[in-house]
Structures are given as C-alpha cells and as structure tokens.
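Each chain, written out:
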Amino acid sequence: MRKVLTTALLLSVSLALAISGEEVMQKVDAHPSPASMEGTMVMQLIGKQGKVLTREIRVWSKKSGDEEKMLIKFLAPADVKGTAFLTIKKGGKEEMKLYLPALKRVRRIAGSQKKGSFMGSDFSYDDISNLSGLDIADYTHELLRTENEGGVEVYVVESTPKPGVDSSYSKQIAWVPADTFVPRRIEFYKKGKLYKVLTNREVKPFADGKYLIPTLLEMENVTTGHKTVLEQKDLQIDVPIDDAVFTERFMKKR
Amino acid sequence: MKRTRLFTLLLALTAALALAQPEFSGSFQTGFGLRTQDLALALDRTRFDLGVRYDLADAAFTGELRFAYDALTRTPEFTLGEAYATLFLPSVDLSAGREVVAWGRLDLLSPLDVLNPRDLSRPLDQAKLPVGMVHATAYPDAEGRYQLEAVWIPLFTPSKPPAGAWAPPQTLPPGVTQVRVEEPPAELSSGTFGLRATASLDVLEGLDLGGQVVYGYFPFPSPQGVEPVDPAQPAGPFRLVLGYDRRTLVGADFALAFSIPDVAEGLVLRGEAAYALTADPDGADPNVQNPYAEGGLALEYAWSGGPTTVLVYDLRWAKADAPAADVWTQTLGLMARYEYDERLTLQGAWLHTISDGSGLVRPGLEYAFADGVTGRLSAAFFYGADATRFGVWRNNGELRTELEYSF
C-alpha cells in the first residue's frame, strides 16, 4: 500500500514538472476573458516617503475577433479631467489617440509613448493595455521552477520577447498558481535588470465564476522605490458597449 | 395669467436644471513675474475661473466665468468665457453660443487654426477668444473615421494686439496725426464661414487627413488709406484709416504615425499648409492685404526613459506690394516635455526665426504639491536685433512663478 502511494506521489510530481512554460502560459491565456468591460479605476501614486497622489479614470474596453478597443477618460484630479485616451489594436497594428480638453483637439500620438508612464504612475500605457493579458505568441516561455505558496503549487515562468517583437521589457517572470492560473506576481526586467514588480493583491470571480479578474494591483518600481496601487471599482463585465464609445466623438463628449 | 405662465416656466426650468445635476469646476490661480532685464515686477495677477456644465440626455450646456485682478494696474476684470449649448443628434453635434474651436494639427505654429481671434496683449499668455458661433459636426460613419464640420460666426471680433510694453513701436506717415480703425459692419454679410473635412485612414500606423476652407477676415487691421480729420479741411491734418481685409484661407493637414525599423519606433509626423487668397493677388494695391502661404511640419518622438520632443519647421511666404521682393520667413522650433516623476514635469520650448536670427527660449517646470495643487516656475528669454520678430521684445524677458488650485 505504501509503495502504491509513493509511486502515485512520484507520478503526480513528475506529471506536474512535465508541464512546460509554454503550456503554463497557454493555460493563463486560455482563461475566458470578457468580451467587454466598463468600470472605474482609482490609482494611488505612492512616493518613496509615502506621500500619495490620487488619479481616477473611467475605462471601457471591448474585444471582437482580432480587434481590441479601449477608451480611458480621466475623472480626477480636476486639472486633467476630461482628457481621453483611445487605443485600437487590430491585425498587429495599434492606433493611439489622445484628447486634450484644454486644446480641444484629438491628436494621434507617437507609438513610442506607449512605453512611457501612464499619468505619472508606475504603469506604462503598454502595461495598462496589457492588463487583460500578454500576447503569448510574441514570447518564448520557459518554466524556471515550481514553488509552494500556502499549499498551492506555483509555476515560475520566464517570458522573453521573440526577435522582432517590440516589447517594453527584456523579459518577464510570472508566478502562476496551479489552482487558478491567474498570475500572482510578475517581475519586469529591462536590459536584464529587475525594473518593476506587479502584484495581484486581489482576484475576484465575475459572471458566476466564469471570469477571474484582478481588482487590486500594485506595481512597484524597484529602482525608485515608488509604487502605484490600482483598484478596479464598479466593474461591469460583458455589458453591451456601443462601438460609438471608441470614437473621437465620444472622446470629446464629457 | 402672465405671472402664472412665467412662474410655471421658471419652475420647469429650475426642475430641469436641478434634474440635470450641474457639474461645477474651476481653478484659482495666482502668480507674479519679474522682468529679466531689471528684475522689476512685470506681472502680478490673480485669477478665478468657474465653469458649469449641465448634461441632459441628448444635450449639454457649458458656461465659464473668469474674474481676474491685475495688481499692477489695479484693474479687476469679469469676463464671460465659453458659453454654449450642444445638441447631440444621431450623427450630428450641433452647438450654438460663445465657443472656441481648434482646427489643424500643429500646436506651436498653426496656420489653419484661424477661426477664433486671439488675445495677444501679453504674447507670452496668448489665448484664443471665444466668439458667438453656430458649429455643426457631422459623423457620417459609425466608426467615426470621417468628420465634416461647419462653422458660422455671424459677428466679426478682432484679435487683441500686443499692448503696453509688448506693443511694437508705431510711426505714423508724415502729416498724419490720428488713427481710425474701421471694423466690418455688424450685418450677416460680414460673417465668417468655415468648412472642414477629416478622415482617419489605415495607412502605415495610422494616417489622418484634413482639408478646410475659411472665408473670413485677417485678424489685425491694415492701412486702408488716409483721410482728412476734418472733411472741411482737405489739406490736413490727416488720419490713418485701418480696416480689416477679407481673406479666403484654403488648407490641408495630416498626421502620420510610422516607424523606422531598427532606428526609431512610433514616430508621428504632423503637417499643415495654408494659402490665403485676398482681393489683391498681385500686390498692386498698397491699401489691400496681399496673399500669403504658410506650411509647417512637426515630428514627435518619445525617447525611451526620456522626454517627448517635437521638432517644428515652418515656412511662410507673403506677397509684397510691387515692386518690393516677396517676404520669406523660416522658423525652427523644438518643444520638449519630461515627466521626471508623478509630481515633477520639466518642459521647454525654443523658437528661432532663421530669416532674421531672432528667437524665444522658454524653459519651465511644474510641480504637483497635492491633488489639484500645482506650482509652476518658468522663464522667457527673447533674443535678436531690435526690429526683428522676437528681438523687438528683447527687454521683455520674464521669470515667473504661479500657483494653481483646480477643483
């Protein structure tokens, strides 16, 4: 009996180790993601000394085939209220437009800005648009090791951009628990050095558990000691969102 | 009976506005500036802006009031800013009232952005002046890729020229002792009309195209001739008559997002070109403004971990009165903005007129003390010879500090 148990345990361990980095990330990617989302995000920008600035944004996003659209409207602070940011990804192309109410002008912005800070936070525009998930086909994934956190097996996977892929980071390492396959923590590296750490502090089920969505995230810049806490509020999932939301007309409407 | 109707109307209006839940916003700003030449106080002002917006199902009302106090001249000033109502129809936005409209794609020098007059009384703080207009924007396709705009400004409002220390030196012709400015009559035929069409196309990483025509006036008056001050004394003294000439401005613009593989990813190139037709195409009549053309290009790039920069080039041609040679002006500009962290932003602008060697350098920084509380430090330095474009303000350089609370 003891032999049988030992054999079963060894078998399960070897099966667990048999999973590859690619397979882990495929399972992460296989999570059903909502076709549309609408909600408010509150960002707290926390300085090294603990001083806090708060930003509030309203976000609409929609996926349809190979097209992804996202509109962000800034609600607070007052001096940036009304600013709107639109991204439309389709067929490997990404369009970015910004509406500045002070100038009353919608302007196409440089794609190079997507690597820059989003509203002074530790998230880049790229990070915000990738919150729904990494495009796993653009990366090679290697399982570095497995860890045990609170009795849950956690896969540690390193993802490196494939040659020719324009990525903000030289590599990312994700901690993926085997029970949910929603990454708990992601380390972002630039030129091989640890740059930022994203921690999913809270993951909530939506649509009767169909979706598992991080609702409280923390991004820490390890080089500056600065961090940003992002909280998703009144999140509505799979609500019908008119395509008219993702237009210049809606950007200009307050 | 009349009182009852009025009361009912007021009650209905109050109820509608209360249901609409007005949204107030505004800012309180105070600041002062020192002239770089002698560190004398050149600016000491306080400003309070209050905005209100009512949003109904398919309509909105926007209104702005400004109270400003200039401590140098001890002048208080109340001004009405934008105040307009918008109807959101199925594929048309229709607004009427005092409004500011932005046309064209360039920020620093925009030859197409001519609908609103400008307040240039202090050129460092130049702003567009809202004017009464009817403004319609049509969105013929669901994706919003195409837009057609039409604007009608029934009454002419001139721009405010540089004033005080900023006013250029004026010399009147011999025998002329006075100046009379004649504005276009307040009638429908004196209106300004504008049409603009834009399209967003799927070319490279995105291409926006625009074309427009504006039938209006030059923003500043020009000499129209001289006349005796007293018609009974035709031999003089005389006065100079200044008037506003008509112009038809046609133009086109674009914004193109692209990358240069292995060199630079994610650039944006913007451009504008305008041609102004006037009643004197050959420069034969010295009392009528001549045609001009202006084109500009701006290249924007965000450097990794560094600033976002915009490099600008502008070329202007103006037909001179015969037999003088036409005037060509080339301007180079550079703008940079760097968000050091969530609180501190560094920015700067440099404009240089290649044709006359004059220019302006404007560094500045912005610091967020708390949510909605911003402090600014900035400077402006002019250089160039006396009679040049920027050199004329060589003694008006300024060091400035401002504090603003927005709510």
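Summarised in this report is the structure supplied together with it. This structure is a prediction, so every number in the text was calculated from the model and none was measured. (Residues numbered from 1 in each chain as written. Chains lettered and ligands numbered in written order. Predicted model: local features only at pLDDT ≥ 70, side-chain atom pairs only at ≥ 80, totals over all residues.)

## A few points about the interface of chain B and chain A
As a measure of interface size, the accessible area lost when the parts come together is often cited. Taken residue by residue, the interface counts 34 residues in chain B and 32 residues in chain A. Tallying contributions element by element places strand S16 (residues 264-277) of chain B first for the side of chain B that touches chain A, with four residues. A breakdown of the residues in the side of chain B that touches chain A according to their chemical character gives 13 nonpolar, 10 polar and 11 charged. (Contact = placed C-beta atoms within 7 Å. Helix = DSSP H or I, 4+ residues; strand = E, 2+ residues; numbered from the N terminus. Nonpolar A, V, L, I, M, F, W, Y, C, P; charged D, E, K, R; others polar.)

## A short note on the environment of Glu149 of chain B
Residue and element names in this part refer to chain B. Along the chain, Glu149 turns up in strand S9 (residues 146-153). Along the chain, Glu149 and Ala136 lie 13 residues apart, while their C-alpha atoms are 5.6 Å from each other. Apart from the residues within four sequence positions on either side, Glu149 is in contact with Ala136, Thr137 and Arg196.

## Describing helix H2 (residues 21-30) of chain A
Residues and elements named next belong to chain A. Taken together, the buried positions of H2 are occupied by Gly21, Val24, Met25 and Val28. All buried residues of H2 project into a common sector of 90° when viewed along the axis, lining one side. Contact partners of the buried residues in H2: strand S7 (139-149), strand S8 (152-161) and strand S9 (171-177). (Buried ≥ 20, exposed ≤ 12 C-beta atoms within 10 Å, placed from the backbone. Arc of directions from axis to C-beta.)

## Structural notes on the environment of Gln44 of chain A
Residue and element names in this part refer to chain A. In this fold, Gln44 is placed in strand S1 (residues 36-46). Considering only alpha carbons, one finds Gln44 and Glu218, 174 residues apart in sequence, at a separation of 9.4 Å. Those residues within four positions of Gln44 in sequence are excluded, and the remaining contacts are Val52, Thr54, Thr228 and Val229.

## A look at the sheet that holds strand S13 (residues 222-228) of chain B
The strands making up a sheet associate through backbone hydrogen bonding, with each pair oriented either parallel or antiparallel. Residues and elements named next belong to chain B. Across the sheet, three strands lie side by side as S10-S14-S13; this open sheet has mixed pairing. The open sheet has two edge strands with one neighbour each: strand S10 (176-182) and S13. With direction set aside, neighbouring strand axes in the sheet form an average angle of 30°. By the bridge criterion, six bridges tie S13 to strand S14 (residues 238-243) in an arrangement that is antiparallel. Looking across to S14, one finds that Pro228 is bridged to Phe238. (Pairing = 2+ DSSP bridges. Axes fitted to C-alpha atoms, helices over the stretch in contact; angles between N-to-C directions.)

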